[in-house]
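Listed below, chain by chain, are the residues.
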Amino acid sequence: MTIENISCNKSFGGWHKQYKHQSRVLDCEMRFAIFLPPQAAEKPVPVLYWLSGLTCTDENFMQKAGAQRMAAELGMAIVAPDTSPRGDGVPDDADKAYDLGLGAGFYLNATRAPWNRHYHMFDYVVDELPALIEAHFPVTGQRAISGHSMGGHGALVIGLSHPHRYSSISAFSPIANPMACPWGEKAFAAYLGENREHWRQYDACELLKLAVSEVPILIDQGDADTFLEQQLRPQQLVEIAGHKGYPLDFRLQPGYDHSYYFIASFIEQHLTFHSLYF
């Protein structure tokens, strides 16, 4: 697989870079960002994969979260893919809704037309992207995964589905129970069809019920988040973890909303959390 550099900026002694490549899994051109800490010039470093939320691209986290300073201190690379396939011929919602289609891939493998040709973000994040990163950059096979909102959903689902591929999972304001919220129901019906049994593999609550291997999880949620009660619904996930004795640390943060101001306030704690398990 070949990649093409788009931009390169020095940051905290390391490098933030953007690349594009032709994705076999998604059948389109994709873009990702990577931060390589200064330690990567001397030896391979572990990687945190960050999954962003609805309407986002690879740029939101890298430009707004302020993660590079701590990543440089800890010797950790960060990889941020786009949130969905894009380009000519990639289907979008007919009404251009923000919560379906371009920018709203939901980190699943679509099985329903017209989405099933391109919308395979689950396989892209789990298989194709790490293989590309590990082939082209000085990184180890040690991986952690994190994300925000729709990306928090993706991080939980991917991490719980592949517990031996990720050493830790974290999320900010994740869509924790998508089978029971408007965002998830709309996306799952479009991408997967109406049979709700097919949805379970992409719902963190359903996966946690079945989890045997334990991957440590950290979740931060703002109590002033306007999406908390209707769309995010973390209570069910926390209850399941409590019944199972699963290592999930859920922190409800007073006064914080759904924005990147919230993420920037706690991202260094999340990076430190992941560094404990590399």
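Data block above holds the structure.
All figures in this text were calculated on a predicted structure; none of them were measured in a lab. (Residues numbered from 1 in each chain as written. Predicted model: local features only at pLDDT ≥ 70, side-chain atom pairs only at ≥ 80, totals over all residues. Heavy atoms only, no water.)

> What exactly am I supposed to notice about the overall build of the protein here?
Across its full length, the protein holds nine helices and nine strands. For the protein, the spread of C-alpha atoms along the three principal axes comes to 50 × 45 × 35 Å. Burial status across the protein gives 59% buried among its 278 residues. Contacts in the protein between residues at least 24 apart in sequence constitute 72% of all its contacts with a sequence separation of at least 6. By element, 49% of the accessible surface of the protein is carried by carbon and sulfur atoms, the whole surface being about 11200 Å². Measuring between centres, the 21 positive side-chain charges of the protein sit 3 Å from its 31 negative side-chain charges. (Helix = DSSP H or I, 4+ residues; strand = E, 2+ residues; numbered from the N terminus. Buried < 20%, exposed > 50% of the residue type's maximum accessible area, 1.4 Å probe, protein only. Contact = heavy atoms within 4.5 Å. Areas by Shrake-Rupley, 256 points an atom, 1.4 Å probe, with all protein chains shown as cover. Lys, Arg positive; Asp, Glu negative; His and termini not counted. Charge placed at Lys NZ, Arg CZ, Asp CG, Glu CD.)

> Hey, could you run me through the nonpolar core in this one?
Grouped burial of nonpolar side chains is what soluble globular proteins tend to show. Ranked by internal contacts, the top residues of the largest apolar core, which has 72 residues, are F106, I133 and Y191. Here this core gets eight residues from one element, more than from any other, and that element is helix 3 (residues 121–136). Residues contacting F106, with those up to four places away along its chain left out, are L54, T83, D99, M150, H153, I175, W183, G184, A187, F188 and Y191. Among the nonpolar cores identified, the runner-up in size contains 22 residues, and A33, F35, A144 and L271 belong to it. (Core = buried A, V, L, I, M, F, W, Y, C linked by side-chain atoms within 4.5 Å.)

> What am I meant to see in the packing of helix 3 against helix 4 (residues 150–161) here?
Two measures define how a pair of helices packs: the angle their axes make with one another and the distance between the axes. Where helix 3 contacts helix 4, the two axes come as close as 11 Å, and the packing angle between them is 55°. Classified by the angle between their axes, helix 3 and helix 4 sit oblique to one another. The crossing of helix 3 and helix 4 is right-handed. Here helix 3 contributes F122, V125 and V126 to the contact with helix 4, which in turn contributes V157, I158 and S161. Taken together, the residues that form the contact of helix 3 with helix 4 break down as five nonpolar, one polar and no charged. (Axes fitted to C-alpha atoms, helices over the stretch in contact; angles between N-to-C directions. Parallel < 35°, antiparallel > 145°, perpendicular 65-115°, else oblique. Left-handed = near helix turned anticlockwise from the far one by under 90°. Nonpolar A, V, L, I, M, F, W, Y, C, P; charged D, E, K, R; others polar.)

> What is the right way to look at helix 3 in this model?
Along helix 3, the helix axis deviates most sharply at E128, where the bend reaches about 35°; the proline P130 sits within four residues downstream. For helix 3, every residue scored as buried is listed here: M121, F122, Y124, V125, V126, E128, L129, P130, L132 and I133. Buried residues belonging to helix 3 abut strand 2 (14–23), strand 3 (28–36), strand 4 (45–51), strand 5 (77–81), strand 6 (139–148) and helix 4. (Bend = angle between axes of the 7 residues up to and from the residue.)

> What exactly am I supposed to notice about the packing of aromatic side chains here?
For any two aromatic rings, the description comes down to two numbers: the centre-to-centre distance and the angle of the planes. Evaluation of the coordinates by the stated rule reveals 17 aromatic pairs. Taken together, a centroid distance of 6.1 Å and an interplanar angle of 55° make the contact between W50 and F172 tilted. Of this pair, W50 sits in strand 4 while F172 sits in strand 7 (residues 169–172), placing them 122 residues apart in sequence. Across this residue pair, the class does not change: W50 and F172 are buried. Where F273 meets Y277, the ring centres are 5.3 Å apart and the plane angle is 65°; that geometry is what we call edge-to-face. Overall, the relative accessible area of 12% leaves F273 in the buried class. Within the aromatic cluster, the residues linked to one another by ring pairs are W50, F61, F172, Y256, F262 and F266. (Phe/Tyr/Trp six-rings, centres within 6.5 Å; stacked < 30°, edge-to-face > 60°.)

> Which parts of the structure should I look at to understand the state of the cysteines?
Such a bond, covalent and formed between the sulfur atoms of two cysteines, is termed a disulfide. A full pass over the atoms with the stated rule returns zero disulfides. For the unlinked cysteine C181, the closest cysteine sulfur is that of C205, found at 10 Å. Of the residues examined, C181 reaches a relative accessible area of 0% and is grouped as buried. (Disulfide = S-S within 2.5 Å.)

> Can you help me understand the environment of M76 in this one?
Note on placement: M76 falls in the loop between helix 2 (68–74) and strand 5. By relative accessible area, which is 1% here, M76 ends up buried. Considered as a pair, M76 and T272 are 196 residues apart in the sequence and their alpha carbons are 9.9 Å apart. The contacts of M76, once residues within four sequence positions are left out, are F35, P37, P46, L48, A71, L271, H274, S275 and F278.

> Help me out: how do you make sense of the sheet that holds strand 3 in this one?
Sheet strands pair by backbone hydrogen bonding; their relative direction is either parallel or antiparallel. In space, the nine strands of this open sheet follow the order 1-2-3-5-4-6-7-8-9, with mixed pairing throughout. Since the sheet does not close on itself, it has two edges, and those belong to strand 1 (4–11) and strand 9 (248–253), each with one partner. Between one strand and the next, the sheet's axes are offset by a mean angle of 20°, whatever the strand orientation. Alignment of strand 1 against strand 2, held across seven bridges, turns out to be antiparallel. By the bridge assignment, N5 is partnered in strand 2 with Y19. Where helix 9 (residues 260–275) meets the sheet, it contacts strand 4, strand 5, strand 6, strand 7, strand 8 (217–222) and strand 9, and its direction lies at approximately 170° from that of strand 7. (Pairing = 2+ DSSP bridges.)

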